[in-house]
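Notes for the structure review
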Amino acid sequence: QVQLVESGGGLVQAGGSLRLSCASSVRTFSGYTGAWFRQAPGKAREFVAAITWSAGNTYYADSVKGRVTISRDYARNTVYLQMNNLKPDDTAVYYCALGSPNSRSFYTTTAYAYWGQGTQVTVSS
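In what follows, the accompanying structure is described.

1. Focus: the nonpolar core
Ranked by internal contacts, the top residues of the largest apolar core, which has 35 residues, are W36, I70, L81, M83, Y94 and Y112. Only strand 3 (18–24), strand 4 (33–39), strand 5 (46–52), strand 7 (68–73), strand 8 (78–83), strand 9 (92–99) and strand 11 (119–124) provide two or more residues apiece to this core. Those residues in contact with Y94 that sit more than four places away from it in its chain are E6, L20, W36, F37, R38, V48, L81, M83, G118, T119 and V121.

As structure tokens, then:
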């Protein structure tokens, strides 16, 4: 059974930074893609970023491009999301996801089979 555990959320002022971590129990990620989604109150869950495990290809939502970096650590089976210049609109619960999407479905929640429990990010103005 795959388990994903997020950490690193918290309260930060606008313009600040946070690094989210997602640790997985899966031993090998070959063929998988790791991703981050977020969900603000009253809104649908939306794509933030994704990274293919083997090649390290990255994909970002337009709303975070240039402010966010997704990365992975082979040895630790962990995906990271470095977020800089945070804005109040970034406030949401951030979820880590693992799956095998194709080139057209990186951005969709249904492409990911495994999800973490979420970590709250709050950005104050």
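2. So, the sheet that holds strand 3
Pairing within the open sheet is antiparallel, and its four strands lie in the order 1-3-8-7. In the strand order of this sheet, the two ends are held by strand 1 (4–7) and strand 7, each with one partner. Adjacent strand axes in the sheet meet at a mean angle of 15° when their direction is disregarded. Sheet topology note: the strand 3/strand 8 ladder contains six bridges and is antiparallel. Counted as the bridge partner of R19 is Q82 from strand 8.

3. Points about the pairing of strand 5
Most of strand 5 is tucked away: six of the seven residues are buried. As judged from the six bridges shared by strand 4 and strand 5, these two strands associate in the antiparallel manner. Looking at strand 5, one finds that W36 is bridged to A49. The loop that links strand 4 with its antiparallel partner strand 5 comprises six residues; one of these, G42, has a positive phi angle of about 80°. Pairing geometry for strand 5 and strand 6 (residues 58–60), over three bridges, is antiparallel.

Conventions and cut-offs
Residues numbered from 1 in each chain as written. Predicted model: local features only at pLDDT ≥ 70, side-chain atom pairs only at ≥ 80, totals over all residues. Heavy atoms only, no water. Core = buried A, V, L, I, M, F, W, Y, C linked by side-chain atoms within 4.5 Å. Buried < 20%, exposed > 50% of the residue type's maximum accessible area, 1.4 Å probe, protein only. Helix = DSSP H or I, 4+ residues; strand = E, 2+ residues; numbered from the N terminus. Contact = heavy atoms within 4.5 Å. Pairing = 2+ DSSP bridges. Axes fitted to C-alpha atoms, helices over the stretch in contact; angles between N-to-C directions.

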